[in-house]
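Below, each chain spelled out in residue letters.
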Amino acid sequence: MQSQDKFYLLVKFQNIGFKVGSPNSEFYLSQFSTVLNLLPSHIHFSIVIYSAVIAFWRKPLEMVQYNFKKITRVPTGKDFVDIVLSRTQRQTPTVVHKGYAINHIRQFYMRKVKFTQTNFHEKLSTIIEEFPRLDDIHPFYGDLLHVLYNKDHYKLALGQINTARNLIGKISKDYVKLLKYGDSLYRCKALKVAALGRMCTVTKRIGPSLAYLEQIRQHMARLPSIDPNTRTILICGYPNVGKSSFINKITRADVDVQPYAFTTKSLFVGHTDYKYLRYQVIDTPGILDRPFEDRNIIEMCSITALAHLRAAVLFFLDISGSCGYTIAQQAALFHSIKSLFMNKTLIIVCNKTDLQSLDGISEDYKKLVADMKSEAMKTLVGQGGEPRDGAEVLLTMSTLTEDGVIAPRDQKERPPCIPQVVLEAKAKEAEKEKRKLEKDLEEENGGAGVYSASLKKHHLLENDEWKEDNMPEILDGHNVYDFVDPDILQRLEELEKEEGLLQENEEDDVEMDVDDLTPEERKALAEIRKKKSILIQEHRIKKSTAESRPIVPRKFDKDKKFTSKRMGRQLLSLGLDPSKAIERVRSKSRGRKREGLLIIRTLMVVMIWMWMIMMVRTRR
């Protein structure tokens with residue numbers, strides 16, 4: 001054998017090695033043995049080692065678990081900019097002065113630009129790394145994402161994110177170079193603002209891509225967790241043939257069941273155990289017999305699962321025709337998609353036998369069922385099985401009556417085993433008298449609207465008759481409960497006595513004062529009381545009309561209510577000489593004006609002298 005042929009075979013073997021563990025592993029093993037027979041014996045050992053390394057490297061990739069719920073939320077373009085800029089403001093220095101050295105100023109703004117670029121790079125890299133790459137994940141998920149979202153749009157959105165990340169890095173690098181030659185604080189600040197502005201502009205331009213990826217993330221988080229590498233049972237068939245009812249019977253899944261077509265619009269997953277082994281059961285949406293191009297997204301989900309998942313396929317057949325499709329139409333669908341059943345165990349399930357038995361259908365339909373049965377036997381033989389009479393590939397059941405769905409293991413009765421301790425505890429609880437609740441009392445006394453629960457019946461009082469006494473909560477604007485005291489009666493008596501004594505003393509004082517006064521003094525006292533009442537009334541009027549303000553300055557007194565003449569008249573009416581008070585007021589006002597004029601004149605003289613001195617110095 002020539003060296004060129006050996007190289008070709010080695011390359012061929014490498015391609016085979018990358019497919020270790022695939023559904024056609026037996027075929028690849030036969031190819032591998034052929035290659036070994038063609039090569040010399042001294043390189044067999046190295047090829048065996050190489051194949052082991054390839055298989056070890058390939059296995060972890062196939063056993064990976066996909067959890068799309070852990071993808072981080074993608075913010076909008078505006079939120080993205082706000083997050084990065086606020087973080088830059090918080091985690092970098094914020095104060096710089098003109099007196100700093102120019103190197104210090106350059107480093108200050110260069111640090112801000114670099115920090116902002118690093119934040120943008122980290123956020124965008126997180127989005128790119130967390131979203132799955134369609135070429136690296138299992139083909140089932142790759143095609144499912146393509147069916148749901150169009151992989152071209154998905155790749156384009158991720159590509160725009162990657163381009164934005166590279167552009168922001170380039171902008172940062174260019175402006176850092178320019179900042180190294182900034183010659184002033186103003187120039188460095190302008191370059192920093194321009195750099196951050198261009199980064200934010202690039203981020204805002206990818207806003208539609210960010211919004212699109214956020215929608216995809218929300219949809220991917222709702223996808224069922226399907227493991228493509230575990231034992232799987234796949235249920236398919238026309239709509240409304242009993243697929244969802246079957247998965248509800250054998251698993252804990254809760255799939256909606258309705259008497260109309262396309263109730264199930266996406267893939268549903270359940271799990272069941274049989275002979276200590278866990279099986280993954282997948283319910284697919286109904287498929288119609290029509291060209292591939294005319295199938296909608298709901299049907300394409302089923303086609304994708306059939307094409308890529310290694311599973312035992314249960315093709316459900318409604319022999320009663322209650323689903324709205326005849327056996328002939330269902331058989332046509334079976335033959336149109338039978339290419340998807342290759343290398344899979346196929347079982348035909350005749351459902352709804354409670355409405356129509358398999359023996360009661362017409363001869364033409366029996367022939368169609370027999371053809372489907374023979375196709376299922378071919379797939380079983382291709383998998384290495386040896387069916388004896390075909391019963392292994394044809395099942396009859398009724399999901400409504402559970403006939404054929406749940407078969408007993410044997411004839412032995414197995415009652416539930418409840419420990420004796422539990423039974424004794426339940427008996428003790430039953431013996432205890434159940435305390436009546438307010439709900440029970442309400443039902444006994446006429447129900448809601450008739451019976452009203454009393455909130456006072458559990459109060460701890462000396463006499464039970466006091467519980468229903470009406471006690472005011474608010475009295476004279478005060479909360480009564482704030483003044484409740486055990487010695488309240490005694491205190492009230494003391495207060496009443498004290499108040500009576502005070503009133504007696506006041507009456508005695510008033511009577512003695514009035515009796516001792518002369519007629520002139522009584523007249524003056526009456527005027528004082530009258531004046532006082534007038535002032536009080538004026539004060540109340542001002543307060544009610546929001547006029548209780550401090551006295552305004554005299555220059556705003558337009559009505560001339562507060563003048564020195566008025567003050568003089570009031571003083572004269574009281575029998576006082578107002579001249580000194582008026583002179584004092586006038587002297588103070590004039591003095592303030594004169595003092596202000598003197599200060600202004602002094603400042604002007606000083607400024608003139610300073611200007612003259614400067615002129616003389618400049619001429620010299």
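Residues numbered from 1 in each chain as written. Predicted model: local features only at pLDDT ≥ 70, side-chain atom pairs only at ≥ 80, totals over all residues. Heavy atoms only, no water.

Chemist: So, helix 9 (residues 207-221): which residues are in play, and what are the values?
Modeler: Under the 1.5 Å per step criterion, the end-to-end length of helix 9 is 21 Å for 15 residues, consistent within 8% with the ideal 21 Å. Every buried residue of helix 9 is listed here: G207, S209, L210, L213, E214, I216, R217 and M220. Packing partners of the buried residues in helix 9 comprise helix 4 (77-91), helix 5 (102-130), helix 6 (139-149), helix 7 (151-179) and helix 8 (185-205). (Helix = DSSP H or I, 4+ residues; strand = E, 2+ residues; numbered from the N terminus. Expected span 1.5 Å × (residues − 1). Buried < 20%, exposed > 50% of the residue type's maximum accessible area, 1.4 Å probe, protein only. Contact = heavy atoms within 4.5 Å.)

Chemist: Outline empty space enclosed by the protein, supporting the account with residue identities and numerical values.
Modeler: Tallied over the full model, the rule gives 1 cavity of 30 Å³ or more. Roughly 50 Å³ of volume is contained in the largest cavity. As for the largest cavity, its lining consists of 10 residues, of which F68, K69, L223, P224 and S225 are closest to the centre. Taken together, the residues that form the lining of the largest cavity break down as 7 nonpolar, 2 polar and 1 charged. (1 Å grid on protein atoms, 1.4 Å probe; cavity = no way out; pocket = protein on both sides within 12 Å on 5 of 7 lines; lining within 4 Å. Points joined across faces, edges and corners; volume = space filled by probe spheres on them. Nonpolar A, V, L, I, M, F, W, Y, C, P; charged D, E, K, R; others polar.)

Chemist: So what's going on with the confidence of the model for the protein? Which residues, and what values?
Modeler: With 77% of its residues at a pLDDT of 70 or more, the protein shows a mean pLDDT of 76. For the stretch residues 1-29, pLDDT sits under 50, and the model shows 31 contacts to residues farther than four places along the chain or on other chains. Contacts from residues 41-64, a stretch scored under 50 in pLDDT, to residues over four places away or in other chains number 21 contacts. (pLDDT = per-residue confidence, 0-100.)

Chemist: Tell me about the nonpolar core, residues and numbers included.
Modeler: Judged by nonpolar contacts, the single largest core of 96 residues is most densely connected at F131, L306, F315, I337 and F341. Broken down by element, this core gets its largest block of residues, 10 residues, from helix 7. Residues in contact with F131, not counting those within four places in the same chain, are I71, V74, Y154, L158, L213, I216 and R217. (Core = buried A, V, L, I, M, F, W, Y, C linked by side-chain atoms within 4.5 Å.)

Chemist: Go over a positive patch on the surface with me, naming the residues and quoting the values.
Modeler: The grouping of K114, K173, K177 and K180 at the surface amounts to a positive patch. With respect to the element layout, K177 can be found in helix 7. Residue K177 is classed as partly exposed on the basis of its relative accessible area of 48%. (Patch = residues over 30% accessible without salt bridge, like charges linked within 9 Å, V, L, I, M, F, W, Y side chains within 5 Å. Areas by Shrake-Rupley, 256 points an atom, 1.4 Å probe, with all protein chains shown as cover. Salt bridge = Lys/Arg side-chain N within 4 Å of Asp/Glu carboxyl O. Lys, Arg positive; Asp, Glu negative; His and termini not counted. Charge placed at Lys NZ, Arg CZ, Asp CG, Glu CD.)

Chemist: Can you tell me about the packing of helix 7 against helix 8, naming the residues and giving the values?
Modeler: Contact pair helix 7 / helix 8: the axes reach a minimum separation of 10 Å and the direction vectors enclose 175 degrees. The angle between helix 7 and helix 8 falls in the class roughly antiparallel. Residues A164, L167, I168, I171, S172, Y175, L178 and L179 of helix 7 form the contact with helix 8, whose own contacting residues are C188, L191, A194, A195, R198, M199, V202 and T203. (Axes fitted to C-alpha atoms, helices over the stretch in contact; angles between N-to-C directions. Parallel < 35°, antiparallel > 145°, perpendicular 65-115°, else oblique.)

Chemist: With reference to specific residues and values, describe the pattern of salt bridges.
Modeler: According to the stated counting rule, one finds 8 salt bridges in the structure shown. Across the pair D82 and K78 runs a salt bridge whose closest N-O atoms are separated by 3.3 Å. Of this pair, D82 and K78 both sit in helix 4, 4 residues apart, which is roughly one turn of the helix. For E122, the salt bridge identified is with R87, shortest N-O distance 4.0 Å. Note that E122 is positioned in helix 5 and R87 in helix 4, a separation of 35 residues in sequence. Given a relative accessible area of 27%, R87 falls into the partly exposed group.

Chemist: Outline a negative patch on the surface, supporting the account with residue identities and numerical values.
Modeler: Residues E493, E494, E496, E498 and E499 make up a contiguous surface patch of negative charge. Along the chain, the position of E498 falls in helix 16 (residues 488-516).

Chemist: Which residues make up the sheet that holds strand 4 (residues 312-318), and what are the values?
Modeler: With respect to topology, 6 strands assemble into an open sheet ordered 2-3-1-4-5-6, the strand pairing being mixed. What marks the edges here is a single partner per strand, and that holds for strand 2 (268-274) and strand 6 (394-396). Averaged over all adjacent pairs, the angle separating strand axes in this sheet is 25 degrees, with direction ignored. Pairing analysis gives 7 bridges linking strand 2 to strand 3 (residues 277-283), with the strands arranged antiparallel. Within the sheet, the bridge partner assigned to H271 lies in strand 3 and is Q280. Lying over the sheet, helix 12 (residues 327-336) contacts strand 1 (232-237), strand 4 and strand 5 (346-351), oriented at roughly 160 degrees with respect to strand 4. (Pairing = 2+ DSSP bridges.)

Chemist: Let's hear about the packing of aromatic side chains: which residues, and what values?
Modeler: According to the stated counting rule, one finds 6 aromatic pairs in the structure shown. Here F131 and Y154 contribute two aromatic rings whose centre-to-centre distance is 6.4 Å and whose plane-to-plane angle is 55 degrees, an arrangement assigned as tilted. Here the residue F131 occupies a position in the loop between helix 5 and helix 6, and Y154 occupies one in helix 7, the gap between them amounting to 23 residues. Each of the two residues, F131 as well as Y154, counts as buried. (Phe/Tyr/Trp six-rings, centres within 6.5 Å; stacked < 30°, edge-to-face > 60°.)

Chemist: Break down helix 10 (residues 243-250) for me, with residues and values.
Modeler: Looking only at helix 10, the buried set comprises K243, S244, S245, F246 and I247. Against the buried residues of helix 10 lie strand 1, strand 2, strand 3 and strand 4.

Chemist: How would you sum up the pairing of strand 5? Please name residues and give values.
Modeler: Across the 6 residues that make up strand 5, a large majority, 6, are buried. Of the two faces of strand 5, the one holding L346, I348 and C350 and the one holding I347, V349 and N351 are both buried throughout. Summarising the sheet, strand 4 and strand 5 pair through 6 bridges and their orientation is parallel. When the sheet's bridge partners are listed, V313 is paired in strand 5 with L346. The β-α-β motif built from strand 4, the intervening helix 12 and the parallel element strand 5 has right-handed crossover chirality. (Right-handed = clockwise from strand over helix to strand, strands pointing away.)

Chemist: Go over the packing of helix 8 against helix 9, please, and point to the residues and values.
Modeler: Relative orientation of the contacting elements helix 8 and helix 9 amounts to 50 degrees, with a least axis distance of 4 Å. Judged on the interaxial angle alone, helix 9 and helix 8 are oblique. Of the residues in helix 9, those touching helix 8 at T203, K204 and R205 are G207, P208 and L210. Counted by class, the contact of helix 8 with helix 9 contains 2 nonpolar, 2 polar and 2 charged residues.

Chemist: Give a description of the environment of T72 that names residues and reports values.
Modeler: Within the element layout of this structure, T72 appears in the loop between helix 3 (44-62) and helix 4. The spatial distance from the C-alpha of T72 to the C-alpha of T126 is 8.0 Å, given a sequence separation of 54 residues.

Chemist: An account of the environment of S86 is requested, with residue identities and associated values reported.
Modeler: Within the secondary structure, S86 is located in helix 4. The spacing of S86 and T116 is 30 residues in sequence and 9.8 Å in space, taken between C-alpha atoms. A distance of 2.9 Å separates a polar side-chain atom of S86 from the backbone oxygen of I83. (Polar contact = N/O pair within 3.5 Å; in protein donor to acceptor, adjacent residues only side chain to side chain.)

Chemist: Please provide a residue-by-residue account of the pairing of strand 4, values included.
Modeler: Counting buried positions along strand 4 gives 6 out of 7 residues, so the element sits mostly inside the fold. The sheet contact formed by strand 1 and strand 4 spans 5 bridges and is parallel. What sits directly across from L234, in strand 4, is V313.

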